[in-house]
Amino acid sequence: MIVELKINIPMKTKYILLMFLMYVSAHTAAAYDVCINNICYNLFGMEATVTNDPSYRIHYSGDIVIPEKITHNGITFVVTSIGEKAFFSCTSLTSVVIPNSVTSIGKRAFRDCKDLTSVVIPNSVLTIEEGAFASCWKLATISVSDNVEYIGYEAFDYTPWFNNLPNGMIYLGKVAYKYNGTMPAGTNFSIKEGIKSITGGAFRGVSGLASVTIPSSVTSIGMSAFSGCQDLTSVTIPASVTSMESGAFSKCVNLTSITICDGAKTIGDNAFSGCTALTSIEFPSSVVSLGRRVFEDCSALSSVTISDNMEYIGTDCFKKTAWYNNQPDGMIYVGKIAYKYKGGMPEGTNMVIKDGTLCIAGKAFASCTGLKSVIIPSSVTTIGEGAFSYCHGLTWFIIPHGVTILESGAFYKCSALAYLVIPSSVTQIGGECFKSCGSLKDLYVFIPTPLPISYDDFSYSYSATLHVPVGCKSKYQAAEYWKNFNEIVEDANPTGISEISTKAATQQQVFTLDGSQISKPRKGLNIINGRKVLVK
């Protein structure tokens, strides 16, 4: 007997079910461009990257042969890379043939391929990213050509091949991959000439290393490459090294001498953090960027020399150093960087950042509840993460034309912020940048095409009125998350304008509507101390 059941589902429940099905459908849709012979690819120009199928309708197993070229819609594409996680956790994959057209193997591309026993990496491959073959429990044979120039952190760790490495320095192609075994105390080690990179973790925790000579052929030092080398006392970074990844020399507690030769450009996050014996550091003019917490907990560091070429300093770069502790209260500038406001800020402070400043570092004004307003020169290009977070007294903010990057949480929980201008020069808005700015009433965005944002970038701030350029309203109404704003208007003729005389206005800080600072008001609309003003 067949019984027909009729169930009355409330309309609200039907809507929720529909939204759920749409969500599932969207998130199981193919994240690849084409699938040929059961291999998925993304296409870029005339090149193809091997990728995976996130819906698992196609799951790689057995013996895989990747072709050098594929043809799609009559167009031939060269297979040049294996993408991030392309074969991740394909536990039934037993072998793979990589063609001589592939130049890079992405992060965790073959990680956790439990049945993979051997791999030949062809001459064309120059880059093998972090964890590419890690945790392949049966991978006992690896052939790497002499052409490889970069191998990422733990690329082959947790494999039989890795576990059976001989003692001493392991070189793979043009990479100093790993020092294996115990190094004799007091060793002065020289990396051989011609090496292009030092892999992340290569000397991590090698306690016998007293000094290291890095040849001028090396261009990059990987993540935590020398971290925890407790006997290391001195190091010279040659001019050829343009990139130093995070934690490269962290926790080298006896490191007293660091020489950075002219040519190095960027120093990664935590690069020298915890080097408690370090007393001084001098950066050549070539270094333009310091990451986050580079010298955090370098308690003896009292002398810092930085050129005016420095363009960026990350959050808490000099936290818990003698140098920072010895700085007087007030605004600390490092070269052309507004690094940190130290000490208690008086209530109702109107801050003016000095001309020529290039960057406002992360947390520069974090929790400065006395900050009422701040004027930023047009020379600034970056506002760092959390730079003005928790500034509860900040009521208006005009980001000047010239700023291109707003890092994550830059204005997080500025609870009194009511008026905000974002100029057309901004190209990136970081995560939670304006989250919990609950008092925001008017947001002026002079960017013609909406930038990609996430919900949290303005969460708890969507009750504001969003003002956009004339002709752009429909774009913002259709753009993800921008459309969440309570009202979106095209600001051809802003309302609520106060009329004042030109003479009175010249005594104020004045901006055009797009955020460009000017010396005195012009006829028409101006922004003066956060107010829209019509000058006749």
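Quantities reported herein were computed from a predicted structural model and do not represent experimental measurements.

Colleague: Tell me about the environment of Val374, and name the residues and values.
Modeller: With respect to the element layout, Val374 can be found in strand S31 (residues 371-375). You can call Val374 buried: its relative accessible area is 1%. With 21 residues separating them in the primary sequence, Val374 and Ile353 have C-alpha atoms 7.3 Å apart. If sequence neighbours within four positions are ignored, Val374 has contacts with Met351, Ile353, Phe388, Leu394 and Phe397.

Colleague: Tell me about the nonpolar core, residues and numbers included.
Modeller: Counting 59 residues, the largest nonpolar core has Phe203, Ile221 and Phe249 as its most contacted members. Counting only elements with at least two residues in this core, the list comes to strand S14 (175-180), strand S17 (209-213), strand S19 (234-237), strand S21 (257-260), strand S26 (312-313), helix H3 (322-325), strand S27 (330-334) and strand S28 (337-342). Contact partners of Ile221, with chain neighbours within four places excluded, come to Ile198, Ile214, Phe226, Ile237, Val241, Ser243, Met244, Glu245, Ala248 and Phe249. By size, the runner-up hydrophobic cluster in this structure holds 51 residues, among which are Met345, Met351, Leu440 and Tyr462.

Colleague: How would you explain empty space enclosed by the protein if you had to name every residue and give the values?
Modeller: Overall, the coordinates contain one cavity of 30 Å³ or more when judged by the stated rule. Counted as a void, the largest cavity has a volume near 60 Å³. Around the largest cavity, the lining residues are Tyr153, Glu154, Ala155, Asp157, Tyr177, Lys178, Thr199, Gly200, Gly201, Ala202 and Arg204. Among the residues making up the lining of the largest cavity, the classes are represented as four nonpolar, three polar and four charged.

Colleague: Explain the pattern of salt bridges to me, using residue names and the numbers behind them.
Modeller: Should their charged atoms come close, side chains of opposite charge can pair. In total, this model carries twelve salt bridges according to the counting rule given. Close ionic contact of Glu296 with Arg293 constitutes a salt bridge, the shortest N to O distance being 3.9 Å. Taking relative accessible area as the criterion, Glu296 reaches 13% and is therefore assigned buried. By sharing partners, the salt bridges in this structure join Glu84, Arg108 and Glu130 into a single network.

Colleague: I'd love a proper account of the state of the cysteines, names of residues and values included.
Modeller: This structure, assessed with the given rule, holds zero disulfides. Distance from the sulfur of Cys90, which forms no disulfide, to the nearest cysteine sulfur (Cys113) is 5.3 Å.

Colleague: Residues and numbers for the sheet that holds strand S20 (residues 243-244), please.
Modeller: Judged by pairing direction, the sheet is mixed, and its eight strands sit side by side in the order S13-S14-S16-S18-S20-S22-S24-S26 without closing on themselves. Of all strands in the sheet, those bounded by a partner on one side alone are strand S13 (168-172) and S26.

Colleague: Can you lay out the pairing of S19 for me, pointing to particular residues and giving the numbers?
Modeller: Of the two faces of S19, the one lined by Val235 and Ile237 is fully buried and the one lined by Ser234 and Thr236 carries no buried residue. As defined by bridge partners, S17 adjoins S19 across two bridges and the pair is classed as parallel. Within S19, the residue paired with Ser211 across the bridge is Ser234. One ladder, built from four bridges, connects S19 with S21; its direction is parallel. Residue pairing for S21: Ile237 is matched across the bridge by Ile260.

Colleague: Break down the environment of Ile405 for me, citing the residues and quoting the values.
Modeller: Here Ile405 is to be found in strand S34 (residues 405-406). For Ile405, a relative accessible area of 25% translates into the label partly exposed. With 20 residues separating them along the chain, Ile405 and Ser425 place their C-alpha atoms 8.8 Å apart. Sequence-distant contacts of Ile405, defined by excluding residues within four places in its chain, comprise Thr381, Thr382, Ile383 and Gln428.

Colleague: Pulling in residues and values, what's your account of the sheet that holds strand S15 (residues 187-190)?
Modeller: The strand order S15-S17-S19-S21 describes an open sheet built from four strands, whose pairing is parallel. The sheet terminates laterally at S15 and S21, the two strands that pair on one side only. Taking each pair of neighbouring strands and ignoring which way they run, the sheet shows an average axis angle of 15 degrees.

What counts, and at which threshold
Residues numbered from 1 in each chain as written. Predicted model: local features only at pLDDT ≥ 70, side-chain atom pairs only at ≥ 80, totals over all residues. Heavy atoms only, no water. Helix = DSSP H or I, 4+ residues; strand = E, 2+ residues; numbered from the N terminus. Buried < 20%, exposed > 50% of the residue type's maximum accessible area, 1.4 Å probe, protein only. Contact = heavy atoms within 4.5 Å. Core = buried A, V, L, I, M, F, W, Y, C linked by side-chain atoms within 4.5 Å. 1 Å grid on protein atoms, 1.4 Å probe; cavity = no way out; pocket = protein on both sides within 12 Å on 5 of 7 lines; lining within 4 Å. Points joined across faces, edges and corners; volume = space filled by probe spheres on them. Nonpolar A, V, L, I, M, F, W, Y, C, P; charged D, E, K, R; others polar. Salt bridge = Lys/Arg side-chain N within 4 Å of Asp/Glu carboxyl O. Disulfide = S-S within 2.5 Å. Pairing = 2+ DSSP bridges. Axes fitted to C-alpha atoms, helices over the stretch in contact; angles between N-to-C directions.

Bear in mind that shape data such as this cannot, by itself, settle questions of function.
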